[in-house]
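Structural overview
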Amino acid sequence: MAHQIEVSKVTASADLEKVFAIRREVFVVEQNCPPELEWEFEDESTHFLATVDGEPAGACRWRKTDKGYKLERFAVLAKFRGKGVGQELVKAVLADLPADANYVYMHAQIQAVALYEKFNFVKIGDEFEEAGIRHFKMVRK
């Protein structure tokens with residue numbers, strides 16, 4: 001049975017709480033990221049919430065940096081992985097970027113590199129560690 005996946009740009013505090021709860025579960029609880037590294041740049045970021053059949057399932061954000069536009073904090077709750085939520089989040093974020101977003105980049109966790117490659121991101125440089133997790137810098141071509 002196909003599930004209804006929806007991704008929305010969110011600004012209301014109730015929706016942002018859902019975004020932060022997903023990130024807390026995935027990054028802080030599941031991946032043991034230090035909480036103080038997880039909560040930064042929230043006010044300057046544009047946040048997205050993915051739902052599956054109306055239930056909060058995933059989150060991500062983008063923000064403008066001095067280098068360009070950085071896609072960040074892609075998180076999908078364990079029970080919703082493998083259902084296309086991540087792809088829908090990437091599509092929604094890319095569609096939301098301003099027209100002048102000619103440099104789009106991210107720090108991608110190793111296990112997510114193949115997902116981002118589907119959207120024309122390429123690995124730049126060597127693997128590195130961030131918050132105890134292996135990453136690659138990826139840039140959209």
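Going by the structure above, here's the rest.
Below, the structure is looked at part by part. (Residues numbered from 1 in each chain as written. Predicted model: local features only at pLDDT ≥ 70, side-chain atom pairs only at ≥ 80, totals over all residues. Heavy atoms only, no water.)

This paragraph deals with the sheet that holds strand S4 (residues 69–76). Hydrogen bonding along the main chain pairs the strands of a sheet, whether they run parallel or antiparallel. If you trace the 7 strands from one edge of the open sheet to the other, you get S1-S2-S3-S4-S5-S7-S6, paired in mixed fashion. Looking at strand neighbours, the two that pair on one side only are strand S1 (5–10) and strand S6 (121–130), the edges of this open sheet. Across the sheet, the mean angle from the axis of one strand to that of its neighbour is 25°, orientation sign disregarded. Where S1 lies against strand S2 (residues 46–52), 6 bridges are found, and the strand directions are antiparallel. Within S2, the residue paired with valine 7 across the bridge is alanine 50. Relative to S2, helix H1 (residues 13–30) is tilted by about 80°, and along the sheet it contacts S1, S2, strand S3 (55–64), S4 and strand S5 (104–109). Across the face of the sheet, helix H3 (residues 85–96) comes into contact with S1, S2, S3, S4, S5, S6 and strand S7 (133–140) while running at roughly 155° to S4. (Pairing = 2+ DSSP bridges. Helix = DSSP H or I, 4+ residues; strand = E, 2+ residues; numbered from the N terminus. Axes fitted to C-alpha atoms, helices over the stretch in contact; angles between N-to-C directions. Contact = heavy atoms within 4.5 Å.)

This brings us to the pairing of S5. In terms of burial, S5 is largely enclosed, as 5 of its 6 residues are buried. The pairing of S4 with S5 spans 3 bridges and is parallel. Pairing of tyrosine 69 across the sheet is with valine 104, part of S5. Read from S4 through H3 to S5, the crossover connection turns out right-handed. (Buried < 20%, exposed > 50% of the residue type's maximum accessible area, 1.4 Å probe, protein only. Right-handed = clockwise from strand over helix to strand, strands pointing away.)

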